[in-house]
Amino acid sequence: SDCRRPVGSPRLTVIATVHSSTQQLANMQLVELVWLVPLLPLLGFITLMFFGRRLGEPVAGWIATGAMGGSFLASLVVFAGMLGLEGGESGERIVQVKLFDWVVAGDFNVDIGLLADPLSVTMILFITGVATLIHLYSIGYMHGDANFSKFFVYLNLFAFSMLMLVLGDNLLLTFLGWEGVGACSYFLISFWFTDEANASAGKKAFVTNRVGDFGFMLATFLAFFAYGSIEYGEMFSGTPIAASTATAIALLVFVGAAGKSAQFPLYIWLPDAMAGPTPVSALIHAATMVTSGVYLLVRINPILAQAHDWAPSLIAWVGLFTALFAASIAVAQDDIKKVLAYSTVSQLGFMIVAVGTGVYVAALFHMITHAFFKALMFLGSGSVIHGMNDDQDMKRYGGLAKLMPITAGTFLVGWLAIAGIPPFSGFWSKDEILVGIYANNDIFANKILFVLLLIAALLTAFYMTRLVILTFFGAPRWRDEATGEAPISNDEAPISSDEELPARHPHESPWTMTLPLVALAGAALVAGGLNLPFTKDLHFLEHWLEPSLLGNEFHDLPPGSTKLMLAVIAALCAIGGIVAAWKLYFDKSGGTGPDAPAILAQGWGYDDAVSNFMGGPGSKGFDALADFDGKVVDGAVNSVGKLIQLDGSFLRKIQNGLVRSYAALVAVGAIGLMIYFLVVSA
């Protein structure tokens, strides 16, 4: 491979001369192996596409898992090599590896090239790590499915696309991966397409993301005209562009990010994505597709820095509204996966707020911890659903902690992490976002942002506690399949409900499903150590990401006493949310607590309003537009063609190849000329 480095201004990218020492060259060679990271899942995809059905279950699953595991090991090798290179803004940790020419058109040239820097390496580490665990989990979860091997074909292709998205060294290659994960999400969400609801959910995700992709494409075109290149190194190392142009590019990229990272108003596809198998939910909602919008915004941080101040502020306020909006809906959901889906939308809102306020490290920190605890909870919900005969209604659960101890124990770790209880990872990453917002420049606006985001954090602790109580504690709200009787709860209190209870036989999942839960629980517990706030020496993630952020990270943080005060406030809010939910929903007799307002259960009616518009005025408008296109646009084009056909038919009669016809035409022409000259001379 051809290893190149972009050279730029001190504010953007400064790459030092490669040291000639043997150790430095060895480290560089390790980093250049980055091409192995996407190659291995691609090879897994190709192998299973041709031989997967013949290999069958479970071999196809193990091949796909092995490909992802190999990709994770390759990511660790690249990480080790990059650690050996010098860091800092003037370091060597930005390496481009050109594989081959892709698009060559005159002066326009786009390579298939990979960008290995701290940002992309961070992404591939948790993408491949979490995806490997999800692949392993899927071997047990998809056991007995008629399309077992096809599922792993899609999973490997999805992982390859996501890795190309984060490793691409230019906007076009990023867009290739961007479209790849969009297509794979359609395949996976509607995997069980024989159910009409599942097929519709897949189409909804595909169409909604196309809206966002339109913004990404326009941003790419505008970036090319502004910079003369779409390669990140060349874009960010040249002369800064006009603020108005940077603002336009930033907002168009944000339209794309709103689609992929499920921000209002384009979030509506993500809750319906629960129609797919649960491993798909974990893969899409935790470590891959939904994080791509946040990643892209962080990648273009120099453009955000050059844009007008109101553009990042707008991004932050959209993120805040999404966080609050989705959290309020999650409070009222009874489907266990729907609660987690709206929770994902809300947590992505937290990350977008961090990006909009310039605290990029906090956004990425929360992205990493969220990948661990949200993947854990999605897979935990899948284990519960697996043990409850595919029933997803939490009001028909209860008392499962005793029967599913590993699932319950690991899920509780994820719950405490997302709720923001120290020392679990979610506390540290969420608190860092809150501190960064509190300390940012606009005192009035950011204090409002801080308070409202704190309310969203409180709601998070509340609805996740409700989920845990209704699922794992209290009296069981189901009857045993073997005895036909309602079981006794952990508190030895009988069920008081007279409802017809569903027959269930809850049981712990096989090791292929519980092992990933244990691994993710461990990560969710300790990942907060990546960026502890106590001293600068403990800001490991911040120091690591410094070369990729190009000096644009907000650093003016408050003193330690203020940080401690904000941390205590955040922890008290989380505890308050937990206590409130416990008092409302914990019931030894099998009750499910008060019902939330119907408007919240219906998602404030927004999804229905969009569906009604698309099925009513929107559909008629599209039909009218298609009619205009068919009759006016196509009519004009077809009329030109018909006119040419008529002219041709007339000329064919004259140009018939007969000498006598041509002689007669010459004679007529000569006579006509004589008459003309006689008339003119007269």
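Trainee: How should I be thinking about the packing of aromatic side chains in this particular structure?
Mentor: Each aromatic ring pair is characterised by the separation of its centres together with the angle its planes make. This model, assessed by the stated rule, comprises 31 aromatic pairs. For the pair Y232 and F236, a centre-to-centre distance of 6.2 Å together with 25 degrees between the ring planes defines the contact as stacked. A residue pair is termed a helical-turn pair when its members lie 3 or 4 positions apart in one helix, as Y232 and F236 do in helix α8 (residues 232–237) at four residues. As far as burial versus exposure is concerned, Y232 and F236 are alike and both buried. When the ring of Y676 is compared with that of F677, the centres are 5.5 Å apart and the planes differ by 65 degrees; the resulting orientation is edge-to-face. The exposure class of F677 is exposed, given its relative accessible area of 53%. Through successive ring pairs, a cluster of aromatic residues spans F148, F151, F152, Y154, Y186, F187, F191, W192 and F206. Over the ring of F206 we find R210; its NZ or CZ atom is 4.3 Å from the centre of that ring.

Trainee: I tried to follow the packing of helix α4 (residues 118–141) against helix α20 (residues 511–526) on my own but got confused; where do I start?
Mentor: Between two packed helices, what matters for the description is the angle formed by their axes and the separation of those axes. In the contact formed by α4 and α20, the axes pass within 7 Å of each other and the chain directions differ by 155 degrees. Here α4 is positioned roughly antiparallel relative to α20, judged by the angle of their axes. Here the hand of the crossing between α4 and α20 comes out left-handed. Listed contacts from α20 to V130, L133, L136, Y137, G140 and Y141 of α4 are T512, M513, L515, P516, A519 and L520. Residues of the contact of α4 with α20, tallied by class, amount to ten nonpolar, two polar and no charged.

Trainee: Help me out: how do you make sense of the side chain of N156 in this one?
Mentor: The topology assignment puts N156 in helix α5 (residues 148–167). A relative accessible area of 0% places N156 in the buried class. Residues in contact with N156, not counting those within four places in the same chain, are P41, G44, F45, L48, A64, A67, M68 and H135.

Trainee: Whenever I open this one, the nonpolar core confuses me. Can you help?
Mentor: It is characteristic of soluble globular proteins that their nonpolar side chains tend to be buried jointly. Within the largest apolar cluster, 209 residues are counted, with the highest numbers of intra-cluster contacts made by V166, W269, I303, L453, M464 and L467. For this core, the leading source of residues is helix α16 (residues 360–387), giving 18 residues. Those residues in contact with L467 that lie beyond four places of it in its chain are I336, V339, L340, M394 and F411.

Trainee: It is not clear to me how a nonpolar patch on the surface should be interpreted in this structure. Could you clarify?
Mentor: On the surface, L43, I46, M49, F50, F51, L55, V59 and I63 cluster together into a nonpolar patch covering about 690 Å² of accessible area. Mapped by element, the contributors of at least two residues to the nonpolar patch are α2 (36–55) and α3 (59–83). For the nonpolar patch, the leading source of residues is α2, giving six residues. Residue placement: F50 occurs in helix α2. Of the residues examined, F50 reaches a relative accessible area of 58% and is grouped as exposed.

Trainee: Any chance you could explain the pairing of strand β3 (residues 108–116) here in plain terms?
Mentor: In regular strands, side chains alternate between the two faces of the sheet. A large share of β3 lies buried, amounting to seven of its nine residues. As defined by bridge partners, strand β2 (residues 95–105) adjoins β3 across nine bridges and the pair is classed as antiparallel. Bridge pairing in β3 places V97 opposite L114. In this antiparallel pair of consecutive strands, β2 and β3, the connection spans two residues, and G106 shows a positive phi of 65 degrees.

Trainee: Sorry if this is basic, but what is going on with the environment of L83 here?
Mentor: Here L83 shows up in helix α3. The class for L83 is partly exposed, based on a relative accessible area of 45%. The spatial distance from the C-alpha of L83 to the C-alpha of N27 is 8.1 Å, given a sequence separation of 56 residues. Each residue touching L83, except ones within four places of it in the same chain, is listed here: R93 and W544.

Trainee: Can you help me understand helix α1 (residues 22–31) in this one?
Mentor: Because each turn of an α-helix spans 3.6 residues, side chains separated by three or four positions end up pointing in the same direction. When α1 is considered as a whole, its buried residues turn out to be Q24, N27, M28 and V31. Angularly, the buried residues of α1 cover 100 degrees about the axis, an arc narrow enough to put them on a single face. Of the exposed residues in α1, the ones pointing more than 90 degrees away from its buried face are T22 and Q29.

Reading the values: rules and limits
Residues numbered from 1 in each chain as written. Predicted model: local features only at pLDDT ≥ 70, side-chain atom pairs only at ≥ 80, totals over all residues. Heavy atoms only, no water. Phe/Tyr/Trp six-rings, centres within 6.5 Å; stacked < 30°, edge-to-face > 60°. Helix = DSSP H or I, 4+ residues; strand = E, 2+ residues; numbered from the N terminus. Buried < 20%, exposed > 50% of the residue type's maximum accessible area, 1.4 Å probe, protein only. Lys NZ or Arg CZ within 6 Å of the ring centre and 35° of its normal. Axes fitted to C-alpha atoms, helices over the stretch in contact; angles between N-to-C directions. Parallel < 35°, antiparallel > 145°, perpendicular 65-115°, else oblique. Left-handed = near helix turned anticlockwise from the far one by under 90°. Contact = heavy atoms within 4.5 Å. Nonpolar A, V, L, I, M, F, W, Y, C, P; charged D, E, K, R; others polar. Core = buried A, V, L, I, M, F, W, Y, C linked by side-chain atoms within 4.5 Å. Patch = residues over 30% accessible without salt bridge, like charges linked within 9 Å, V, L, I, M, F, W, Y side chains within 5 Å. Areas by Shrake-Rupley, 256 points an atom, 1.4 Å probe, with all protein chains shown as cover. Salt bridge = Lys/Arg side-chain N within 4 Å of Asp/Glu carboxyl O. Pairing = 2+ DSSP bridges. Arc of directions from axis to C-beta.

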